[in-house]
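# Working through the structure, step by step
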Amino acid sequence: MSRQLRGPDYLALSDLLTEEEILIQHTAHDFVTAEVLPIITKHFRDGTFPATLVPQMAQLGFLGSALPPEVGGAGLSAVGYGLVSQELERGDSAIRSFVSVQNSLVMFPIFTFGSEDQKERWLKPLARGEVIGCFGLTEPDVGSNPAAMQTRARRDGDGWVLSGAKMWITNGSIADIAIVWAKDEEDTVRGFIVERGSPGFSAPDMTGKLSLRASVTSELLLDEVPVAESSRLPGAAGLGGPLNCLTEARYGIAWGAIGAAVACYEAALEYAGERTQFGRPISGFQLTQEKLVWMLTEITKAQLLVLQLGRLKEQGKLRFQQVSLAKRNNVWMARVCARLAREIHGANGIMDEYPLMRHMMNLESVYTYEGTHEMHTLILGEDITGQPAFT
Amino acid sequence: MRICVLIKQLPDTGSALKIRADELWVDEDNLVFSANESDSYALEEALLMKEAQGGEVVVVSLGPERVGQVLKDALAKGADRAIHLHDPAWEVLDSLGLARIMAAVLKEEQCDLIFTGLQSDDTGDGQLGPMLAELLDMPHVTLVVETELSDGRIKVKQELEGGWFQYVTAQLPVLLTIQSGINKPRYASLRGIMAMKHKEIKAVGAGDLDLPADQWVAGRTLQRLYVPEKTKETVFLEGSPQEVGAALVDHLVNTAKVF
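About the thresholds
Residues numbered from 1 in each chain as written. Chains lettered and ligands numbered in written order. Predicted model: local features only at pLDDT ≥ 70, side-chain atom pairs only at ≥ 80, totals over all residues. Heavy atoms only, no water. Helix = DSSP H or I, 4+ residues; strand = E, 2+ residues; numbered from the N terminus. Buried < 20%, exposed > 50% of the residue type's maximum accessible area, 1.4 Å probe, protein only. Contact = heavy atoms within 4.5 Å. Areas by Shrake-Rupley, 256 points an atom, 1.4 Å probe, with all protein chains shown as cover. Lys, Arg positive; Asp, Glu negative; His and termini not counted. Charge placed at Lys NZ, Arg CZ, Asp CG, Glu CD. Domains from an automatic or database assignment. Buried area = accessible area lost by both parts, 1.4 Å probe. Polar contact = N/O pair within 3.5 Å; in protein donor to acceptor, adjacent residues only side chain to side chain. Nonpolar A, V, L, I, M, F, W, Y, C, P; charged D, E, K, R; others polar. Pairing = 2+ DSSP bridges. Axes fitted to C-alpha atoms, helices over the stretch in contact; angles between N-to-C directions. Core = buried A, V, L, I, M, F, W, Y, C linked by side-chain atoms within 4.5 Å. Salt bridge = Lys/Arg side-chain N within 4 Å of Asp/Glu carboxyl O.

The number of helices and strands found in chain B is 6 helices and 11 strands. By its C-alpha atoms, chain B is 75 × 45 × 40 Å across when sized along the principal axes. The 259 residues of chain B split such that 41% are buried. For chain B, the proportion of contacts with a sequence separation of at least 24, taken over those separated by at least 6, is 69%. Surface accessibility of chain B: about 14,400 Å² in total, with carbon and sulfur atoms responsible for 51%. Averaging the locations of the 25 positively and 40 negatively charged side chains of chain B gives two centres separated by 5 Å.

A few words on the domain arrangement of chain B. By the assigned domains, chain B splits into domain 1 (2–216) and domain 2 (228–259). Taking the mean C-alpha position of each, domain 1 of chain B and domain 2 of chain B sit 47 Å from one another.

This part takes up the domain arrangement of chain A. Residues and elements named next belong to chain A. Along its sequence, chain A is organised into domain 1 (13–127), domain 2 (133–231) and domain 3 (240–385). Interface of domain 2 and domain 3: buried area, both sides summed, is about 810 Å²; carbon and sulfur atoms make up 74% of it. The largest per-residue losses of area from domain 2 upon contact with domain 3 belong to Ser144, Ser211 and Leu212, which jointly make up 48% of the total buried on that side. At the junction of domain 2 with domain 3, the criterion picks out 4 residue pairs in polar contact (both at pLDDT 80 or more). A per-class count over the side of domain 2 that touches domain 3 returns 7 nonpolar, 2 polar and 1 charged.

This part covers the sheet that holds strand β4 (residues 56–62) of chain B. Residues and elements named next belong to chain B. If you trace the 9 strands from one edge of the open sheet to the other, you get β9-β8-β7-β10-β6-β1-β4-β5-β11, paired in mixed fashion. Taken across any chain shown, the strands that pair with only one partner, and hence form the sheet edges, are β9 (165–171) and β11 (201–204). This sheet shows a mean twist of 30 degrees between the axes of neighbouring strands, independent of strand direction.

Once that is clear, we can look at the nonpolar core. Within the largest apolar cluster, 63 residues are counted, with the highest numbers of intra-cluster contacts made by Phe31(A), Val5(B), Val59(B) and Phe115(B). The element contributing the most residues to this core is helix α1 (residues 19–46) of chain A, with 7 residues. If sequence neighbours within four positions are ignored, Val5(B) has contacts with Asp39(B), Ala42(B), Leu43(B), Ala46(B), Val57(B), Val58(B), Val59(B), Val60(B) and Phe115(B). Grouped together as the second largest cluster of nonpolar side chains are 50 residues, Ile22(A), Ala268(A), Tyr271(A) and Leu296(A) included.

Here the focus is the interface of chain B and chain A. Taken together, the contact between chain B and chain A spans 16 residues of the former and 24 residues of the latter. Among the residues chain B hides against chain A, the three largest losses belong to Tyr187(B), Leu190(B) and Arg191(B). Together they make up 41% of the total. At the junction of chain B and chain A, the tally comes to 4 salt bridges. If you look at where chain B meets chain A, you find 9 residue pairs in polar contact (both at pLDDT 80 or more). Taken together, the elements giving at least two residues each to the side of chain B that touches chain A come down to α2 (68–77) and α5 (190–196) of chain B. Looking at the side of chain B that touches chain A element by element, the count peaks at 5 residues for α5(B). Per-class residue counts for the side of chain B that touches chain A are 8 nonpolar, 3 polar and 5 charged.

The subject of this paragraph is the pattern of salt bridges. Side-chain pairs of opposite charge can arise whenever the charged atoms involved come near each other. Tallying each qualifying case throughout the model produces 42 salt bridges over all chains. One salt bridge connects Glu229(A) with Arg232(A), and the closest N-O pair in it is separated by 3.0 Å. Arg232(A) gets classed as buried once you look at its relative accessible area, which sits at 14%. With a shortest N-O distance of 2.7 Å, Glu109(B) and Arg81(B) are connected by a salt bridge. With Glu109(B) in helix α3 (residues 95–109) and Arg81(B) in strand β5 (residues 81–85), this residue pair connects regions lying 28 residues apart in the sequence.

This is how it looks when you write it as structure tokens:
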């Protein structure tokens, strides 16, 4: 029998993947099962990031995986990259978020917009996990409308001075470098690599999160931070820079959300087969079956969606609106799966012995970050009607 | 230094096995296959040794086309090249025939070390390693749980019965059969997976070997494969409670032998 994906593959999508892509999924799947699942509940409960996973993920090539080997990547196809995202989020959205940020929001902009010196200096250490990065776009008063950003970059002699504040920054306080987006004196958005320890730069953690608890989320405070011209990303001018990064990240999320849904579905299927009421397993009741079938159907549709999304990306034909469609749909269906799976688990479902509430709470963030569900609706609405409805 | 690792492909642990209609093997349709467990540890031990000492790891497996999967898995983990022994004439082999074929191939490889798992998880013979070592005229150590290589000699820790161990040293070349648990087998890295397709898998058939066909004719053949057949027999014990109790104990101890 030819190689098969691990986990639900109801429509035999394994047949549409290369052997390498299936092996990539096996590595990520087995890694998550053996290394992430045994420790993630405690980290979620304690609100700590499992930093011990970083060297392992780097060694396996998860950091910068889609970049070419010459810069420390693994040269994965877009589908291969997506499969890794999916499996990591089967573990926890926090782990996938960490890898998404390092890949799509830090390594991608340095690779795409950076100078040769910047690529030389940062990409391989980022791939080895020796340098952690974060991405500063969102601000306390600026979320869905990044054009209104208030962080400023002022020319100062040969260099720049950055002032402002960023919020909801994954990896912020553990990051060695931050990709910070700011407007210059002509209101053009510029990207800068800001190093930890720069004068006036701090990254206090945000506390009290009930979601993505195994992920570090911080503010970035920029109080007249001096940055050399050599740390500006020369290839980025305007909002297109950060928005390109977000399209990359959203692509990973569209895949990742399936992983969270699969975790909930598999837990519910197993539980329904074991839990007995009225003298037989609850999987034998029509109402339970309807929930399980809904989940499997939505997961399968989502799998088909991202597979074609990935193939379009590989062919250079991908439009950002298509990524919006996939992110919007897949996170929505994962969010519903988490709730249905919790319902099947009854009262037990609220306990952290089961993964449902963890995924459910995580998915509240995923539903909103990297473009809210509503903003993706408007992106698609504009695309099909030609009429922007953002303001 | 060249380390050859012998890997057997088996139905994945946890597969639901169905016996074939001819009762000579299991039905292989729709089964997922993977590497024999102790062979995976043998591969890891070889890769660790290569990383520490330099050299080359060559993986070898015999079987139909699907066996290419375990060879590719090993290449993705870091083995340098693979040899796939595949010939319709080799469909039914016993341990000696298999050892002779392996010896014919490995003689040309001039290995410094040959690693194989302690035994396969299907037939559990554990004979290939010792037989192959004899055919290649090299020493062997079975049940290896630790290795230490230095100056052309290898010191190994060998598991004995009853929780005992002993240390054995041997001059290279040597064959070791590796016990599960000796190390932690790695996952194939993404870079390793992407590099896999550029590595050589050499196909070897009966016509490629200097070995007469009578050398692999099975001297031992499997007669019948079956799930243990349950026979149910109810014995009624009669008499006073004391007599029934004594008869029950006697039955449990001497007939059912549960103690």
